[in-house]
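Each chain, written out:
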Amino acid sequence: MMGDLLWILLSAMVVNNFTLAYFLGLCPFMGVSGRIATALRLGLADIFVLVIASICAWFLNTFILPYAPFLRLISFIVVIASLVQIVEMVIKKVSPTLFRQLGIYLPLITTNCAILGLAIFQTNRGYGLLEGIFFALGGGAGLTLALVLMASIRESSEMADVPSLARGMALVLIIAGSLSLAFMGFAGLLSAS
Amino acid sequence: MTAPVPLQPKPDVPAWRLLLTLGLAGALAGFLLVFVYQITLPIIERNKAERLAAAIEEVLKAPDHYDTLYVSNGALTRQLPPGANPAKLDAVYLGYHADGTRIGYAIASQEPGFQDQVRLIFGYDDATSTLLGMKVLESKETPGLGDKIEKSEAFISQFDGVEAPLKGVKAREGTGDPHEVDMITGATISSRTVIRIINDALERMGPMLKAYETAPATAAGEAGQ
Amino acid sequence: MSNTTPQQDFFRGIWRENPVLIQMLGLCPALAVTNSVANAVVMGIATFFVLTGSSLLVSLVKKLVPGEVRISTYILIIATFVTVADMTLEAFVPDIHKALGAFVALIVVNCIILARQEAFASKNPVGRSLLDAVGTGIGFMIAMLMMGTVREVLGNGTILDGTRFGMKVIPGNYEPWVIFVLPPGGFLTLGFWLLIISWFQKRRTERARIREWPEGVAAQKEAA
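Let me sum up the structure you'll find in this document.

Residue and element names in this part refer to chain B. Judged by how many residues are buried, strand E3 (residues 91-96) sits mostly within the fold: five of six residues are covered. Pairing geometry for strand E1 (residues 65-72) and E3, over six bridges, is antiparallel. Counted as the bridge partner of Tyr-70 is Ala-91 from E3.

On the side of chain B, 12 residues touch chain A, which itself brings 11 residues to the contact. Tallied by class, residues from the side of chain A that touches chain B come to seven nonpolar, four polar and no charged.

In this complex, chain C contributes 31 residues to the contact, which on the side of chain A involves 28 residues. Every element with two or more residues in the side of chain C that touches chain A is listed here: helix H2 (27-32), helix H4 (70-92) and helix H8 (183-212) of chain C. Counted by class, the side of chain C that touches chain A contains 25 nonpolar, five polar and one charged residues.

Peptide bonds are, in most cases, trans, and in most cases residues other than glycine have a negative phi. Of note, the bond from Ala-164 of chain B into Pro-165 of chain B is cis; its omega dihedral lies within 30 degrees of zero at -5°. Structurally, Pro-165 of chain B is set in the loop between helix H3 (153-157) and strand E7 (167-170). Not every positive phi belongs to a glycine, and Met-24 of chain C is a case in point at roughly 60°. Structurally, the position occupied by Met-24 of chain C is in the loop between helix H1 (6-12) and H2.

Let us look at the environment of Gly-206 of chain B. Residue and element names in this part refer to chain B. Take Gly-206: it is sitting in helix H4 (residues 188-213). The class for Gly-206 is partly exposed, based on 15 C-beta atoms found within 10 Å. Gly-206 sits 141 residues away from His-65 along the chain, and the two C-alpha atoms are 22 Å apart.

Before going further, it helps to spend a moment on helix H1 (residues 15-59) of chain B. All names here are of chain B. Compared with the 66 Å implied by 1.5 Å per residue over 45 residues, the 62 Å span of H1 between its first and last C-alpha is a close match. The axis of H1 is deflected most strongly, by about 35°, at Thr-40, and proline Pro-42 appears within four residues downstream. All buried positions along H1 are accounted for by Thr-21, Ala-25, Ala-29, Leu-33, Ala-55, Ile-56 and Val-59. The positive-phi residue at the C-terminal boundary of H1 is Lys-61, with phi of around 55°.

Scoring rules and cut-offs
Residues numbered from 1 in each chain as written. Chains lettered and ligands numbered in written order. Predicted model: local features only at pLDDT ≥ 70, side-chain atom pairs only at ≥ 80, totals over all residues. Buried ≥ 20, exposed ≤ 12 C-beta atoms within 10 Å, placed from the backbone. Helix = DSSP H or I, 4+ residues; strand = E, 2+ residues; numbered from the N terminus. Pairing = 2+ DSSP bridges. Contact = placed C-beta atoms within 7 Å. Nonpolar A, V, L, I, M, F, W, Y, C, P; charged D, E, K, R; others polar. Expected span 1.5 Å × (residues − 1). Bend = angle between axes of the 7 residues up to and from the residue.

Right under this line is the structure:
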């Protein structure tokens, strides 16, 4: 059992990275500036919200949606949007310093397709409560990894001699492609032989 | 310059109107979705059943008919235990010739492969411990290499007549052992995954299949034991 | 009331303000499902359907929806259309639906759709909103085709492989450039398309500068 859970976590984190393999969470990924601290904070906020979202999705899937499967998407969206609002309010009350640091990123997370993507993948694969949580942990860690890597590369590339044609989004995409290529090297990491 | 017009304060929208709008929108959405759901559900279910039947046809080499056996309490049974949800139970399929003799079991299973989960179904003749066929149902293995487990006729046809438990060998190192399966060059991990899935499934199901073996073979349509 | 002409509303979304290539919205499906032309086309059609349907509905009810709940209502409308599209695809093209997987449902968070509702459909009459939506939908489809064709031809040597119209485009024993149908290929293909577009834009601005200020440009070239 633990082996399966570990496989789910590591697979979501590196082998099938949410951003570099499944293209989730691209908005913050493309827009992240060269500040690593920012990227890290955003990633951690993501992990937090992802885990809670996973639990909510499991709850919906187990108790409510079997009666109305066609309401799956609507209920997920509603729950996710409310979740982010609630998390924002809770953080504000519990730790104003944390809120000040994370504050502007939380609303960005709502339209972050990573959360909805997580809920849907989790449903399609029939994960239980524990599996879902490990999936969220791994996926969130993978997102954070991708964000931090992108931020640090962009920080270095600011000093580099990039042709004016490529500056901006084209460069970001090519960097992302290289990162994605690098992460493909993780395939086979977890296969039993 | 005309005198500035005093700003009209925007009337506060009462809460009941907000709720009403959302409630109405939600209700309409619900109705529309129920409607489309009712229309598409039978088609979707039929597609699923056809795909499954086609897969079973392929791995059992065109049986005349087959029984769906559910795994419940460590044994195979034709009848659903009371209150059980068929979608949640594991199932194997027992195929018969037209004259009622058994062909074999079709067993589906999945395990992690090179990239992600690999899901396959295979036909198995319990009496002779030989496989009848194998079909990959879902895989995300590398295109051009690992995906040969679903596309290479040469690889797939090996599973017709090989004896369990399977042993993977590199192509050209085979010794003629009837348990051997040649692995795909450049895709040993994906090939090994297929072999491992089958061996693990047989290990898991073996005792249950043997137990069911001793139960009388029933003609299709009759109630279970 | 919008101060643009109907033609402008329609053509704007097709190229000049192409949602994917210029505005950089909706990248998720553009990268994820363009590894084959068939998938790209079906996704384009599904998104088109959701976009036009929800723009139409939003524009129809814009006066009835109080401002405070408008985003929630729009999302509800979009989610309904997406669910309808998802169920329809699953019933009628199950193989492609399987290949598209979760990404049909992810149309809901495709920023393009919410952006059009918020920026246009909620403030303009039904006819104009429809034009805007159709134009944007066509622009999206064009972007999907651009991505999908390059990725499938280079990565598989075929077009529309797996459908009735599938054909091998590169003859002979073409060893497919597999990377293009894998995730890195998605990023790289879009990146290269952006480079090409950027080059054309730069050339156009250069030519316009030379046309309108020939002496100035010549002087600059001499000074350099």
